[in-house]
Amino acid sequence: MAVWLDILGALWLFLPAFVANMSPVFTAKLIPKWGTPIDFGAVHTDGHRVLGDGKTWRGLLLGGTVAGITALLQGMFPVPLFDTLDYGRSLGAPLWGIFLFGFMMGGLALTGDAVESFVKRRLDKERGAPWFPFDQLDFVAGGLLAAFAFYPLLPTGWVMDHYATAWTLATLIIGTPVLHLVVNRIGYWLRLKEVPW
Ligand code: CTP
Ligand code: MG
């Protein structure tokens, strides 16, 4: 029982980064004309784009913003099961600090995603080509990095106590790619997705 709570708690803690990672597909549909690529169209010496048209400032900045809002809502409206996972709001963390913490988690999650695209382009992989498990782990690396880098925004010890636990790290690093595989497989079975990955 407690193990399940640890796993669900880890996912809850990382919700801002999950939301950020999912958001660019939606913001691309909502505001297609803000499609300026992060690399501004630059081509690398190997003849491929530096990052590609799939990485936009819109995705990065709006992703950070929705992640900040997500953390803010989690801090303001703690849910009974995870009432201590409120980014230290009940310990006096200021709302601006919680927003900024979430913003940096989302922003660095998507920066990790952009770094992954850089490597994909160097390996001759076209925009959108799948690359398991790196497509699933790029944003986990960026999000965790942000949590550990921006710990001073939250009450003393809060980040270490909640993120630096075996269950949190194992859930995010092993669980995220597994969850992704399972969800996509179910989507394929339900004919919501055309490919099973
Ligand atoms: N997206 C965006 N800006 C970002 C990240 C993503 O606009 N910083 C949008 C793009 O429309 C992109 C879509 O979200 O096509 C899906 O993102 P992702 O799967 O990460 O990109 P890919 O198109 O697969 O490109 P890559 O091969 O570079 O990963
Ligand atoms: Mg990616």
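Scroll up to find the structure this text is about.
Residues numbered from 1 in each chain as written. Chains lettered and ligands numbered in written order. Predicted model: local features only at pLDDT ≥ 70, side-chain atom pairs only at ≥ 80, totals over all residues. Heavy atoms only, no water.

Note on placement: Ala71 falls in helix H3 (residues 57-76). Given a relative accessible area of 0%, Ala71 falls into the buried group. For the pair formed by Ala71 and Tyr188, sequence separation is 117 residues and the distance between their alpha carbons is 31 Å. Excluding anything up to four places from it in sequence, Ala71 contacts Pro16, Tyr87, Ile98 and Gly102. (Helix = DSSP H or I, 4+ residues; strand = E, 2+ residues; numbered from the N terminus. Buried < 20%, exposed > 50% of the residue type's maximum accessible area, 1.4 Å probe, protein only. Contact = heavy atoms within 4.5 Å.)

Before going further, it helps to spend a moment on the packing of aromatic side chains. Inspection of the entire model under this criterion finds 10 aromatic pairs. Here Phe18 and Phe139 contribute two aromatic rings whose centre-to-centre distance is 5.7 Å and whose plane-to-plane angle is 65°, an arrangement assigned as edge-to-face. In this pair, Phe18 is assigned in helix H2 (residues 15-30) and Phe139 in helix H5 (residues 134-149), connecting sequence segments 121 residues apart. Centroid distance Tyr87 to Phe101: 6.0 Å. Interplanar angle 55°. Geometry classified as tilted. Placement of the pair is Tyr87 in the loop between H3 and helix H4 (95-122) and Phe101 in helix H4, with a sequence separation of 14 residues. Of the two residues, Tyr87 and Phe101, both sit in the buried class. Positioned above the aromatic ring of Phe118 is the side chain of Arg122, whose terminal nitrogen or guanidinium carbon lies 4.8 Å from the ring centre. (Phe/Tyr/Trp six-rings, centres within 6.5 Å; stacked < 30°, edge-to-face > 60°. Lys NZ or Arg CZ within 6 Å of the ring centre and 35° of its normal.)

Let us now look at the coordination of the magnesium ion (ligand 2). Around the magnesium ion (ligand 2), the donor atoms from the protein are Asp113 (OD), Glu116 (OE) and Asp138 (OD), and they sit 2.1 to 2.7 Å away. Donor residues for the magnesium ion (ligand 2), ordered by position in the chain, follow D-x2-E-x21-D. In this pair, Asp113 sits in helix H4 while Asp138 sits in helix H5, placing the two residues 25 residues apart along the sequence. Taking relative accessible area as the criterion, Asp113 reaches 14% and is therefore assigned buried. (Donors = N, O, S within 2.8 Å, 3.2 Å for Na, K, Ca; no water.)

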